[in-house]
Amino acid sequence: MEGSEDKRMLGYLDLLVKALERVGALALVAYILIVWMPEQNRKIDQVSMAQAQQAVVLERVVQILERIDRSNLGRP
């Protein structure tokens, strides 16, 4: 009788471990969706904004250089 109780207890423990593995996997998926992905999107947005600001600065530099070129200020 004791052997069958041990087997039943091991069966319960096996079910508990499987349930915890599933909960752990769900917790990992939830973490990725709730915490990690928005953080990555925020970083991507920051990079995009920085690139847009650089493009504006470069466009302004090009305009200034074109003015200098048209006015012959850089030529002896």
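For the structure, check the block above.
Quick caveat, the model's predicted, so the values are computed rather than measured.

**Some details on the overall build of the chain**
Here is step 1 of the chain: Looking only at helices and strands, the chain has one helix and zero strands in total.
Here is step 2 of the chain: In terms of C-alpha radius of gyration, the chain reaches 32 Å, well past the compact-globule figure of 11 Å for 76 residues.
Here is step 3 of the chain: Taken over the C-alpha atoms alone, the chain extends approximately 105 × 20 × 10 Å along its principal axes.
Here is step 4 of the chain: Taking all 76 residues of the chain together, 0% fall into the buried category.
Here is step 5 of the chain: Put simply, the chain shows about 7,200 Å² of open surface, and 66% of that area lies on carbon and sulfur atoms.

**Observations concerning the pattern of salt bridges**
Here is step 1 of the chain: Per the counting criterion, the structure on display carries two salt bridges.
Here is step 2 of the chain: One salt bridge in this structure joins Lys18 and Asp14, with 3.4 Å as the shortest N-O distance. In this pair, Lys18 and Asp14 are both assigned in helix α1 (residues 2-71), four residues apart and thus about one turn of the helix distant.
Here is step 3 of the chain: Its salt-bridge partner being Glu39, residue Arg42 comes within 2.5 Å of it at the nearest N-O pair. Of this pair, Arg42 and Glu39 both sit in helix α1, three residues apart, which is roughly one turn of that helix.

**Focus: a nonpolar patch on the surface**
Here is step 1 of the chain: A contiguous nonpolar surface patch, about 870 Å² in accessible area, is contributed by Leu28, Val29, Tyr31, Ile32, Leu33, Ile34, Val35, Trp36 and Met37.
Here is step 2 of the chain: Residue placement: Leu28 occurs in helix α1.

Rules used throughout
Residues numbered from 1 in each chain as written. Predicted model: local features only at pLDDT ≥ 70, side-chain atom pairs only at ≥ 80, totals over all residues. Heavy atoms only, no water. Helix = DSSP H or I, 4+ residues; strand = E, 2+ residues; numbered from the N terminus. Rg over C-alpha atoms; globule rule 2.2 N^0.38 Å. Buried < 20%, exposed > 50% of the residue type's maximum accessible area, 1.4 Å probe, protein only. Areas by Shrake-Rupley, 256 points an atom, 1.4 Å probe, with all protein chains shown as cover. Salt bridge = Lys/Arg side-chain N within 4 Å of Asp/Glu carboxyl O. Patch = residues over 30% accessible without salt bridge, like charges linked within 9 Å, V, L, I, M, F, W, Y side chains within 5 Å.

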